[in-house]
Amino acid sequence: VVRGLGDVYKRQILDALYEENENWYEAITMVYCLERKQKDVAESMGISIQALTGVLYRARKWVKYITILMITQNSTDGYVKKTGVVPAPVFEQCK
């Protein structure tokens, strides 16, 4: 199987997310990758929907930060530095 650079970043970021906070990883993968309903995810995690919303917010914020950090550190052509354009965070590309 040939994988694109996006797949490499996705795996690295999801692995790093798991190491950073297992609850964030669980919430992100269930809601965005597995497309489960937030109500069901909150129930399975034993938290309220409002708490899940907070978990998802913090996880997305961290993913955005780490994505930008990884891309700018690994950019060989300086594309990000030249254009300021950063690809969408990987959780939007889980499908």
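Owing to the predicted nature of the structure, the values given are computational and were not obtained by experimental measurement.

Each value, and the rule that gives it
- Counting from 1, residues in each chain are numbered in the order their sequence is written.
- At least 70 in pLDDT is required for a residue's local features to be given in this predicted model, at least 80 for side-chain atom pairs to be given and counted, and no such filter applies to totals for whole chains, interfaces and linings, which use all residues.
- For the side-chain quantities, the full set of heavy atoms in the structure was used; hydrogens and water were omitted.
- All axes here are fitted lines through C-alpha atoms, helices being fitted over the stretch that makes contact, and every angle between N-to-C directions spans 0 to 180 degrees.
- Runs of E in the DSSP output that reach at least two residues are strands. Runs of H or I that reach at least four are helices, and both are numbered from the N terminus.
- Reported orientations rely on four angle classes, namely roughly parallel under 35 degrees, roughly antiparallel over 145, roughly perpendicular from 65 to 115, and oblique for the rest.
- By the definition used in this description, the sense in which the near helix is turned from the far one sets the handedness, with an anticlockwise turn below a right angle giving left-handed and a clockwise turn giving right-handed.
- Two residues qualify as a contact provided that any one of their heavy atoms is within 4.5 Å of a heavy atom in the partner residue.
- Gly is put with the polar residues, along with every residue not named as nonpolar or charged; the nonpolar set is Ala, Val, Leu, Ile, Met, Phe, Trp, Tyr, Cys and Pro, and the charged set is Asp, Glu, Lys and Arg.
- Whether a residue is buried, partly exposed or exposed follows from its accessible area with a 1.4 Å probe, protein chains only, as a fraction of its type maximum: under 20%, in between, or over 50%, in that order.
- An arc is given here, and it is the one of the directions from the helix axis to the C-beta atoms.
- We call a set of buried residues a nonpolar core when its members are Ala, Val, Leu, Ile, Met, Phe, Trp, Tyr or Cys and they connect through side-chain atoms within 4.5 Å of each other.
- For this analysis, a salt bridge means a side-chain nitrogen from Lys or Arg found within 4 Å of a carboxyl oxygen belonging to Asp or Glu.
- Whether two aromatic rings pair depends on their centres lying within 6.5 Å, for rings of Phe, Tyr and Trp, where Trp uses its six-membered ring; planes under 30 degrees apart make the pair stacked, over 60 edge-to-face, and the rest tilted.

Caption draft 1: Up close: the packing of helix 2 (residues 22-33) against helix 3 (residues 38-45). Here helix 2 crosses helix 3 at 150 degrees, and the two axes come no closer than 10 Å. The angle between helix 2 and helix 3 falls in the class roughly antiparallel. Handedness of the crossing formed by helix 2 with helix 3: right-handed. Contacts between helix 2 and helix 3 involve N23, E26, A27, M30 and V31 from the former and Q38, V41, S44 and M45 from the latter. The residue makeup of the contact of helix 2 with helix 3, split by class, is five nonpolar, three polar and one charged.

Caption draft 2: Main features of helix 3. Of all the positions in helix 3, only V41, A42 and M45 are classed as buried. Down the axis of helix 3, the buried side of the element spans an arc of 100 degrees, and every buried residue falls inside it. In helix 3, those exposed residues whose orientation departs by more than 90 degrees from the buried face are K39 and E43. Just past helix 3, the residue G46 takes up positive phi, approximately 75 degrees.

Caption draft 3: Focus on the nonpolar core. If you look at the biggest cluster of nonpolar residues, it comprises 21 residues, and the most contacted ones within it are L17 and L52. Looking at this core, the elements that each hand over two or more residues are helix 1 (5-20), helix 2, helix 3 and helix 4 (49-74). Counting residues per element, this core draws most heavily on helix 4, at nine residues. Beyond its immediate chain neighbours, meaning those up to four positions away, L17 contacts W24, Y25, I28, W62 and V63.

Caption draft 4: Local environment of the pattern of salt bridges. In the structure shown here, the tally under the stated rule is one salt bridge. R11 is the salt-bridge partner of D15, the closest N and O atoms lying 2.9 Å from each other. Of this pair, D15 and R11 both sit in helix 1, four residues apart, which is roughly one turn of the helix. Residue D15 is classed as partly exposed on the basis of its relative accessible area of 37%.

Caption draft 5: Up close: the packing of aromatic side chains. A complete count under the given rule lists two aromatic pairs for this structure. Ring geometry for Y18 against Y25: centres 5.1 Å apart, planes inclined by 85 degrees, an arrangement best described as edge-to-face. Taking 6.4 Å as the distance between ring centres and 50 degrees as the angle between the ring planes, the aromatic pair formed by W24 and W62 counts as tilted. Here W24 is found in helix 2, whereas its partner W62 is found in helix 4, with 38 residues between them in sequence. Judged by its relative accessible area of 14%, W24 falls in the buried class.

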